[in-house]
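Take a look at the letters that make up each chain.
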Amino acid sequence: MKIIASTVSINVGLGLFNLIPLPPLDGSKVIMPFLPFNAKQWFINNEQIFYIVFVVLWITGLTSYIISPGIQAVTGWVSNLAMLIWGL
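Position numbers for residues count from 1 along each chain, tracking the sequence in the order it is written. This being a predicted model, a pLDDT of at least 70 is required before a residue's local features are given, and a value of 80 or more before pairs of side-chain atoms are given or counted; all residues contribute to the totals for chains, interfaces and linings. Values reported for side chains reflect all heavy atoms of the structure, with hydrogen atoms and water molecules removed beforehand.

Colleague: So what exactly am I meant to see when it comes to the packing of aromatic side chains here?
Modeller: Given two aromatic rings, one states the distance between the centres and the angle between the planes to describe the pair. A pair of Phe, Tyr and Trp rings is counted when the ring centres sit within 6.5 Å of each other, with Trp represented by its six-membered ring. The angle between the planes then sorts it: under 30 degrees is stacked, over 60 is edge-to-face, the rest tilted. Scanning the model with the defined rule gives four aromatic pairs in all. With centroids separated by 6.0 Å and ring planes inclined at 50°, the aromatic side chains of Phe17 and Phe54 adopt a geometry described as tilted. Residue Phe17 is located in helix 1 (residues 2–18), and its partner Phe54 is located in helix 4 (residues 47–60); the two are separated by 37 residues in the primary sequence. For the pair shown, Phe17 and Phe54 are each scored as buried. Geometrically, the ring pair formed by Phe54 and Trp58 is stacked, given 6.2 Å between the ring centres and 15° between the ring planes. In this pair, Phe54 and Trp58 both sit in helix 4, four residues apart, roughly one turn of the helix. Numbering of helices and strands runs from the N terminus; a helix is a DSSP stretch of H or I covering at least four residues, while a strand is a stretch of E covering at least two. Burial classes: relative accessible area under 20% of the type maximum marks a residue as buried, over 50% as exposed, and values in between as partly exposed (1.4 Å probe, protein chains only).

Here is the structure:
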C-alpha cells in the first residue's frame, strides 16, 4: 500500500510541477491561448527572463512550497476515491 501511495504522490507531483506556467514547462503552453494579445506578446518577448526565474525556483527549492499544497490535496482526493471504490 505504501508503494502505491508513493507512486501516486510522485506522479501527482510531476504533473503539477509540469503545469507551473513558466516557459520551460507545459503550463506556459496551457495558459498562452487564454492570454490577451498584449500579454501574450509580453510573455513571448520576455521568455528568457522566465527561464532564469524557473532555474532560480528550481535550485532554491521554492517550487516545493508552490506545489506541495496541491500535491497533498490531489493525493488526498485520490486516496479517498480509492478507499471509496475498493473499501480500503
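Colleague: Explain the packing of helix 4 against helix 5 (residues 62–86) to me, please; I cannot follow it from the model alone.
Modeller: How two helices pack is summed up by the angle between their axes together with the distance between the axes. The interhelical angle for the contact between helix 4 and helix 5, taken along N-to-C directions, is 85°, at an axis separation of 5 Å. Between helix 4 and helix 5, the angle is such that the two are roughly perpendicular. Residues Leu57, Trp58 and Thr60 of helix 4 touch helix 5, and the partners they reach there are Leu62, Thr63 and Ile66. Residues that form the contact of helix 4 with helix 5 fall into these classes: four nonpolar, two polar and no charged. Working convention: axes come from line fits to C-alpha atoms, limited for helices to the stretch in contact. Angles between N-to-C directions cover 0 to 180 degrees. Should an angle lie under 35 degrees it is considered roughly parallel, over 145 roughly antiparallel, and from 65 to 115 roughly perpendicular; all remaining angles are considered oblique. We call two residues contacting when some pair of their heavy atoms lies within 4.5 Å. The classification used treats Ala, Val, Leu, Ile, Met, Phe, Trp, Tyr, Cys and Pro as nonpolar, Asp, Glu, Lys and Arg as charged, and all other residues, Gly among them, as polar.

Colleague: Sorry if this is basic, but what is going on with a nonpolar patch on the surface here?
Modeller: Patch construction takes residues with relative accessible area above 30% that form no salt bridge. Like charges are linked within 9 Å, and nonpolar side chains (Val, Leu, Ile, Met, Phe, Trp, Tyr) are linked within 5 Å. Per-residue and other accessible areas were derived by the Shrake-Rupley procedure at a 1.4 Å probe size, with only the shown protein chains allowed to occlude residues. Salt bridge, as used here: a side-chain nitrogen of Lys or Arg that lies within 4 Å of a carboxyl oxygen of Asp or Glu. A cluster of nonpolar residues, Trp77, Leu81, Leu84, Ile85 and Trp86, forms a patch on the protein surface that exposes about 650 Å² of accessible area. Secondary-structure assignment places Trp86 in helix 5.

Colleague: Is there a simple way to explain the side chain of Thr63 in this structure?
Modeller: Relative to the assigned elements, Thr63 resides in helix 5. Not counting residues within four places of it along the chain, the set of residues in contact with Thr63 comprises Phe17, Ile20, Leu57 and Trp58.

Colleague: Would you mind going over helix 5 with me for this structure?
Modeller: Residue pairs spaced three or four apart in an α-helix point in one direction, given the helix's 3.6 residues per turn. For helix 5, which comprises 25 residues, the first-to-last C-alpha distance of 36 Å matches the rise-based estimate of 36 Å (1.5 Å per residue) to within 8%. For helix 5, the principal kink sits at Ser68 and spans about 35°; a proline, Pro69, occurs within the next four residues. The set of residues buried in helix 5 consists of Thr63, Ile67, Ile71, Thr75 and Ala82. Looking at the buried positions of helix 5, the neighbouring elements they touch are helix 1 and helix 4. Under the convention used throughout, the expected extent of a helix is 1.5 Å for every residue step, that is, one less than its residue count. Given a residue, its bend is the angle between the two axes fitted to the seven residues that end at it and to the seven that start from it.

Such coordinate-based values are descriptive only and should not be taken to indicate function.
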